Amino acid sequence: MAEPPGPAGGTTVEVTVVVAAYNHAGLLRKALDSVAAQTLEQVALVVTDDASRDGSAEVATAWLAETGRAARTVFHEHNAGICRTFNEALALVRTPFYTVMSADDRMLPDRLAVQVELLRSAGPDAVAAYSDAWLIDEHGRRTGGRFSDSYRFAGRAMPEGPIFGELCHGNWIPAPSVLLRTSAVRDVGGYDESLSFEDYDLWLRLSRRHHFVLAPEPLVEYRVSAGQATAGLSASMTMGVDLTRARVKNLGIDRDADRVILDEAEGKLRHAYLSGVAAATLAPALRTVARHRPTPATLALATASSLRVPGHLLGRRRTRGAR
């Protein structure tokens, strides 16, 4: 994969950091300070703000003026969504590697230096370097926990190398910890703007053919807030549906992974459809499931959703039939 050229003249800049803000006015400076504190001397910066209501864009502008730091900005007047925002940021990246970090998280000073060296040493087949993350509370204090504590890798090293099969079971990778090979992300089409999240879908598509490498120690701090634990039912349903849709896009890559994906997708997509999620949203995934596992139930749901039959009507028919 060809790497984009570095800037003309001077030291070649290898890494771009994208700091993504959305209502992070009170935390943004700390995130930007952690970029400025990197031991890797040359780092390009992009700052995004997706129509925050708390003045985050103004905070970023003030920090840039105070520090004299050069940066490109993507500031939206109207909310565009995380994946469109990240695609706009990706279009501004001119370096071989880049990372995206939410403005409520922070990176440790040697984070970029360590991960650049990891990717250099691993060769072109390695397209992402990641690490565990220290958990911090709303006040920026470490809780003593790690991101991995909530996953099945607690107490043992997270996997690296060809991780596609593991990823089909679920996402354990802290998004702000990932340094990406820019050309690889562009090769797989960037971020899927139909989804409500940016990371897991991209990890799946990258890991189909390429390797991930793991840093031995946490290199970022990931903020856990009360709001994350109290997401509404609608947001939880949307996230669950999108996670399943992201997995379904990867059917046909690996037979064992197909079995895992299909076992989960059949039930979750059926439940989402009958619960009222729009047929147009679910139809592509339901058709894909029916193609890989053509049973009377999957074919019926694929046909109904393609015809835009509201799922609640199917639920009523099933209820009547049960009587």
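Whatever comes next refers back to the structure up there.
Description of the structure in this document. (Residues numbered from 1 in each chain as written. Predicted model: local features only at pLDDT ≥ 70, side-chain atom pairs only at ≥ 80, totals over all residues. Heavy atoms only, no water.)

What follows is about the overall build of the protein chain. Looking only at helices and strands, the protein chain has 13 helices and 11 strands in total. For 323 residues, the compact-globule estimate of 2.2 N^0.38 gives 20 Å, and the protein chain sits close to it at 21 Å. The principal-axis extent of the C-alpha atoms belonging to the protein chain is close to 70 × 40 × 40 Å. Across the protein chain, every contact between residues at least 6 apart in sequence was considered, and the portion connecting residues at least 24 apart equals 77%. Surface accessibility of the protein chain: about 15,200 Å² in total, with carbon and sulfur atoms responsible for 53%. Separation of charge centres in the protein chain, based on 37 positive and 37 negative side chains, amounts to 9 Å. (Helix = DSSP H or I, 4+ residues; strand = E, 2+ residues; numbered from the N terminus. Rg over C-alpha atoms; globule rule 2.2 N^0.38 Å. Contact = heavy atoms within 4.5 Å. Areas by Shrake-Rupley, 256 points an atom, 1.4 Å probe, with all protein chains shown as cover. Lys, Arg positive; Asp, Glu negative; His and termini not counted. Charge placed at Lys NZ, Arg CZ, Asp CG, Glu CD.)

Let us now look at the sheet that holds strand β11 (residues 220-223). Pairing is mixed across the open sheet formed by four strands, whose spatial order is β5-β11-β7-β8. At either end of the open sheet lies a strand with only one pairing partner, and these are β5 (106-107) and β8 (142-146). Examined bridge by bridge, strand β7 (residues 133-136) and β11 share four bridges and lie parallel to one another. Bridging from a neighbouring strand, isoleucine 136 pairs with arginine 223 of β11. (Pairing = 2+ DSSP bridges.)

Tallied over the entire structure, the rule returns one cavity of 30 Å³ or more. As a volume, the largest cavity reaches approximately 50 Å³. In terms of lining residues, the largest cavity is bounded by Ala265, Glu266, Leu269, Arg270, Leu286, Val289, Thr298 and Leu301. Counting only elements with at least two residues in the lining of the largest cavity, the list comes to α10 (255-274), α11 (279-292) and α12 (296-306). (1 Å grid on protein atoms, 1.4 Å probe; cavity = no way out; pocket = protein on both sides within 12 Å on 5 of 7 lines; lining within 4 Å. Points joined across faces, edges and corners; volume = space filled by probe spheres on them.)

Turning next to helix α4 (residues 111-122). A rise of 1.5 Å per residue sets the reference length of α4, with its 12 residues, at 16 Å; its end C-alpha atoms lie 17 Å apart and thus fit the reference within 8%. Turning to α4, its buried residues number three or more, namely Arg111, Leu112, Gln115, Val116 and Leu119. One face of α4 carries all of its buried residues, which in axial projection span an arc of 115°. A positive phi of about 90° marks glycine 123, the residue just after α4. (Expected span 1.5 Å × (residues − 1). Buried < 20%, exposed > 50% of the residue type's maximum accessible area, 1.4 Å probe, protein only. Arc of directions from axis to C-beta.)

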